Amino acid sequence: KAGVTQTPRYLIKTRGQQVTLSCSPISGHRSVSWYQQTPGQGLQFLFEYFSETQRNKGNFPGRFSGRQFSNSRSEMNVSTLELGDSALYLCASRPGGQGVEAFFGQGTRLTVV
Amino acid sequence: GNSVTQMEGPVTLSEEAFLTINCTYTATGYPSLFWYVQYPGEGLQLLLKATKADDKGSNKGFEATYRKETTSFHLEKGSVQVSDSAVYFCALRQLQGGSEKLVFGKGTKLTVNP
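Focus on the nonpolar core
As a rule of thumb, nonpolar side chains are buried together in soluble globular proteins.
At step 1: In this structure, B:Leu19, B:Trp35, B:Leu48, B:Phe73, B:Leu75 and B:Tyr88 are the most contacted members of the largest nonpolar core, which totals 26 residues.
At step 2: Residue assignment for this core shows that the elements contributing at least two residues are strand S2 (11-14), strand S3 (19-21), strand S4 (23-26), strand S5 (33-38), strand S6 (45-50), strand S8 (62-65), strand S10 (86-96) and strand S12 (108-113) of chain B.
At step 3: Membership of the second largest hydrophobic core comes to 21 residues, among which are A:Cys23, A:Val32, A:Phe60 and A:Val112.

Details of the sheet that holds strand S1 (residues 5-7) of chain A
All names here are of chain A.
At step 1: Read across the sheet, four strands follow the order S1-S3-S8-S7 without closing on themselves; strand pairing throughout is antiparallel. With one partner strand each, in any of the chains shown, S1 and strand S7 (64-68) form the two edges of the open sheet. For this sheet the average axis-to-axis angle between neighbouring strands, irrespective of direction, equals 20°.
At step 2: Bridge count for S7 against strand S8 (residues 74-78) is five bridges, and the pairing is antiparallel. Paired with serine 65 across the two strands is asparagine 77, which belongs to S8.

A look at the interface of chain B and chain A
At step 1: Between chain B and chain A, the residue contacts involve 19 residues of the former and 23 residues of the latter.
At step 2: Roughly 1800 Å² of surface becomes buried between chain B and chain A when both sides are summed, with 45% attributable to carbon and sulfur atoms.
At step 3: A per-residue breakdown of the area chain B buries against chain A is headed by B:Leu44, B:Ser99 and B:Glu100, which together make up 26% of the total.
At step 4: Taken together, the links from chain B to chain A amount to one salt bridge.
At step 5: A salt bridge links A:Arg94 to B:Glu100; the shortest N-O distance between them is 3.5 Å.
At step 6: The interface formed by chain B and chain A includes eight residue pairs in polar contact (both at pLDDT 80 or more).
At step 7: Of all the secondary structure elements, the ones that give two or more residues to the side of chain B that touches chain A are S5, S10 and strand S11 (99-104) of chain B.
At step 8: Looking at the side of chain B that touches chain A, the element that brings in the most residues is S11(B), giving five residues.
At step 9: Taken together, the residues of the side of chain B that touches chain A sort by class into seven nonpolar, seven polar and five charged.

Calculation notes
- Residues numbered from 1 in each chain as written.
- Chains lettered and ligands numbered in written order.
- Predicted model: local features only at pLDDT ≥ 70, side-chain atom pairs only at ≥ 80, totals over all residues.
- Heavy atoms only, no water.
- Core = buried A, V, L, I, M, F, W, Y, C linked by side-chain atoms within 4.5 Å.
- Buried < 20%, exposed > 50% of the residue type's maximum accessible area, 1.4 Å probe, protein only.
- Helix = DSSP H or I, 4+ residues; strand = E, 2+ residues; numbered from the N terminus.
- Pairing = 2+ DSSP bridges.
- Axes fitted to C-alpha atoms, helices over the stretch in contact; angles between N-to-C directions.
- Contact = heavy atoms within 4.5 Å.
- Buried area = accessible area lost by both parts, 1.4 Å probe.
- Salt bridge = Lys/Arg side-chain N within 4 Å of Asp/Glu carboxyl O.
- Polar contact = N/O pair within 3.5 Å; in protein donor to acceptor, adjacent residues only side chain to side chain.
- Nonpolar A, V, L, I, M, F, W, Y, C, P; charged D, E, K, R; others polar.

And the structure:
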């Protein structure tokens, strides 16, 4: 059974640009969550999508957005990139019901220059 | 709100030494608790979990006991190996309506020397 796949693994962007990251969850999993990992702030929850609907959002500016497709694949988008957006972005998938463990992908390392 | 506090390290040990990484939490009710491990260049892997008070999670020689009296979930291993070198994260699961999210500690970097 394939794990959670995130693409690309590494990305370099310039300030002011926008970026789109992709996450393919484990087959059959309907919930996808995104987390940002930085040395200063640690791991912070961005949002969760379930059946194409955002059902929870963390404390991030509106520049951070996401969506989920009917096949459960998810994308997150960051517009008007800032240097502080440099981070490892992790995606986690779950079947969808509460109380079931989340499986994480390897992450996308975004560097903003 | 809910939060997790863990010793930040870094922690450096010799092979076969005893490991303890402290973790305490603040939460409403009794959330499920987790330890995740992150190896260099990798994502997070679930190491162990406990879903209610006095539960002991264990895996690969690591153990942690859910202590509601002290709101703690300390990670222990009796004899570490070089391959245990990684960053360890304590986390709690926060439920919000039909959604859930993980609230993480800052992570503890462990280096084990031969």
